[in-house]
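Understanding the architecture of this molecule
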Amino acid sequence: LGTLIRTLSLAAPELLSFSVSFSVIFIAFVTMFYVLFSVDAVEFMSFERSTLSLWLGMLGELEVTSALWKNKAWAIPMIILFTFISAFVLLTLIIAIVSNAHEKVQQMTDDDAAMLREQRVVSAVFTLISRESSADD
């Protein structure tokens, strides 16, 4: 649990930047789908419904109704573009950010363990030296 907390705290600034970028891109897609398909498709008749539909779509539950296909010239490219950008690009970025932070935490943990071993060796050497000097007295 400590590793998870250190990883998320180390990744927090990058995750905040990512959240802002993600929000801008997601709202742009919501707006595009709302403007293009609000007349024909029930899923996009309001901004709120468009937001919910695209959020579910990002999770793999995008409902493509026959009403959406009335505007086929825009529907196919927009769905492909949204799926590609949301699923592949943005989600891969968040995985990379967390993975990078976890690698740094692991490296810090390894460095701390090495430093602890060095401190134990130095402490053992000083203990031996002090025992030898007290035995000589």
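These numbers were taken from a predicted model, which means no experiment stands behind them. (Residues numbered from 1 in each chain as written. Predicted model: local features only at pLDDT ≥ 70, side-chain atom pairs only at ≥ 80, totals over all residues. Heavy atoms only, no water.)

A short note on a nonpolar patch on the surface
Together, V121, V122, V125, F126 and I129 line one region of the surface with nonpolar side chains, adding up to about 460 Å² of accessible area. On the secondary structure map, F126 appears in helix α3 (residues 72-136). (Patch = residues over 30% accessible without salt bridge, like charges linked within 9 Å, V, L, I, M, F, W, Y side chains within 5 Å. Areas by Shrake-Rupley, 256 points an atom, 1.4 Å probe, with all protein chains shown as cover. Salt bridge = Lys/Arg side-chain N within 4 Å of Asp/Glu carboxyl O. Helix = DSSP H or I, 4+ residues; strand = E, 2+ residues; numbered from the N terminus.)

Some words on the packing of helix α1 (residues 2-37) against helix α2 (residues 47-58)
Look at α1 against α2: their axes get within 9 Å of each other, and the N-to-C directions meet at 120°. Taken together, the axes of α1 and α2 lie oblique to each other. Relative to α2, the crossing made by α1 is right-handed. On α2, the residues that touch F22, F26, I27, F29, V30, T31, F33 and Y34 of α1 are F47, S50, T51, L54, W55 and M58. A class-by-class count of the residues in the contact of α1 with α2 yields 11 nonpolar, 3 polar and no charged. (Axes fitted to C-alpha atoms, helices over the stretch in contact; angles between N-to-C directions. Parallel < 35°, antiparallel > 145°, perpendicular 65-115°, else oblique. Left-handed = near helix turned anticlockwise from the far one by under 90°. Contact = heavy atoms within 4.5 Å. Nonpolar A, V, L, I, M, F, W, Y, C, P; charged D, E, K, R; others polar.)

Observations regarding the packing of aromatic side chains
According to the stated counting rule, one finds 11 aromatic pairs in the structure shown. A centroid spacing of 5.3 Å and a plane angle of 70° characterise the contact between F29 and F82, whose relative ring orientation is edge-to-face. Residue F29 is located in helix α1, and its partner F82 is located in helix α3; the two are separated by 53 residues in the primary sequence. The burial state of F29 is the same as that of F82; both residues are buried. Aromatic pair F84 and F88: ring centres 5.8 Å apart, planes at 50°, arrangement tilted. On the criterion of helical spacing, the pair formed by F84 and F88 is a turn pair, its members being 4 residues apart in helix α3. (Phe/Tyr/Trp six-rings, centres within 6.5 Å; stacked < 30°, edge-to-face > 60°. Buried < 20%, exposed > 50% of the residue type's maximum accessible area, 1.4 Å probe, protein only.)

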